[in-house]
Amino acid sequence: MPARSDARRNHQVLLDAAREAFAEHGTDASLRDVARRAGVGIGTLYRHFPAREALLEALLRDDFDRLAERAGELAGTDPLDALLTWLREVAVEQRTIRGLPESVMEALRDGASQLHASCQAMRDAGGVLLARAQEAGAVRADLTANELLALVAGLVWASEYAPDSGARLDRLLRVAMEGVATDG
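Overview of the structure.

Conventions adopted
Residues numbered from 1 in each chain as written. Predicted model: local features only at pLDDT ≥ 70, side-chain atom pairs only at ≥ 80, totals over all residues. Heavy atoms only, no water. Helix = DSSP H or I, 4+ residues; strand = E, 2+ residues; numbered from the N terminus. Expected span 1.5 Å × (residues − 1). Buried < 20%, exposed > 50% of the residue type's maximum accessible area, 1.4 Å probe, protein only. Contact = heavy atoms within 4.5 Å. Polar contact = N/O pair within 3.5 Å; in protein donor to acceptor, adjacent residues only side chain to side chain. Arc of directions from axis to C-beta.

## Describing helix α1 (residues 5-25)
Turn by turn, an α-helix covers 3.6 residues, leaving residues three or four places apart pointing in a common direction.
For step 1, the next point in the chain: Relative to the 30 Å expected for 21 residues at 1.5 Å per residue, α1 spans 30 Å between its end C-alpha atoms, a close match to the ideal helical length.
For step 2, the next point in the chain: Buried within α1 are the following residues: Asn10, Leu14, Leu15, Ala17, Ala18, Ala21 and Phe22.
For step 3, the next point in the chain: Tucked into the core, α1 has its buried residues touching α2 (31-38), α3 (42-48) and α4 (52-74).
For step 4, the next point in the chain: Positioned one or two residues after α1, Gly26 has a phi angle of 90°, which is positive.

## Observations regarding the environment of Asp63
For step 1, the next point in the chain: Position of Asp63 relative to the elements: it lies in helix α4.
For step 2, the next point in the chain: In this structure the C-alpha to C-alpha distance between Asp63 and Gln94, which are 31 residues apart in sequence, comes to 9.9 Å.
For step 3, the next point in the chain: Apart from residues no more than four positions distant in its own chain, Asp63 is found in contact with Arg19 and Glu93.
For step 4, the next point in the chain: Only 3.2 Å separates the side chain of Asp63 from the side chain of Arg19, close enough to count as a polar contact.

## Details of the side chain of Thr27
For step 1, the next point in the chain: Counting through the fold element by element, Thr27 comes out in the loop between α1 and α2.
For step 2, the next point in the chain: For Thr27, a relative accessible area of 8% corresponds to the buried category.
For step 3, the next point in the chain: Not counting residues up to four positions away in its chain, the partners in contact with Thr27 are Phe22, Arg52, Leu56, Ile97, Arg98, Gly99, Leu100 and Ser103.

## Comments concerning helix α8 (residues 145-159)
For step 1, the next point in the chain: An ideal rise of 1.5 Å per residue puts 21 Å on 15 residues; α8 measures up with 21 Å between its terminal C-alpha atoms.
For step 2, the next point in the chain: Among all positions in α8, only Ala145, Leu148, Leu149, Val152, Ala153, Leu155, Val156 and Ser159 are buried. Burial along α8 is one-sided: seen end-on, the buried residues are contained in an arc of 160°.
For step 3, the next point in the chain: Contacts from the buried residues of α8 go to α5 (79-94), α6 (100-109), α7 (116-135) and α9 (165-180).

In structure tokens:
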């Protein structure tokens, strides 16, 4: 049975409010605040999203699916450029919500997490780009997709509170990729 129009509206309003609250206060933002911003009761929030992870997963699923698709689009380009472009896009996405890098890394370690499937699909898509760059001899052969995403998460965290966080993130990403690139 299709959801009622008010239920569909509440679902979207809750997602919009969560994105705003998580951007301001991080992934640990108050769910009561999310409900208040959405103009609904906390019970309505929990009917739509029975746990914080369910809310995060719904909020991030489209973004992570887009990043996975983007990796596929980049697969036909220069392997190192494709990997760098994708990693920069991942980093920019992770900067939109405070605490997101930690949530992603946690979800990748926990197969029971509601975020796990979305994070896994994104990591697998990046893994394909990493493998291509490794096969081309452009990136260290011993680097794993998990290590690469952990590195990006660390860079996002390190640049998050800098006054020029965007420029700092670009520089840190460039320096880190120089460290994982080969001379060949």
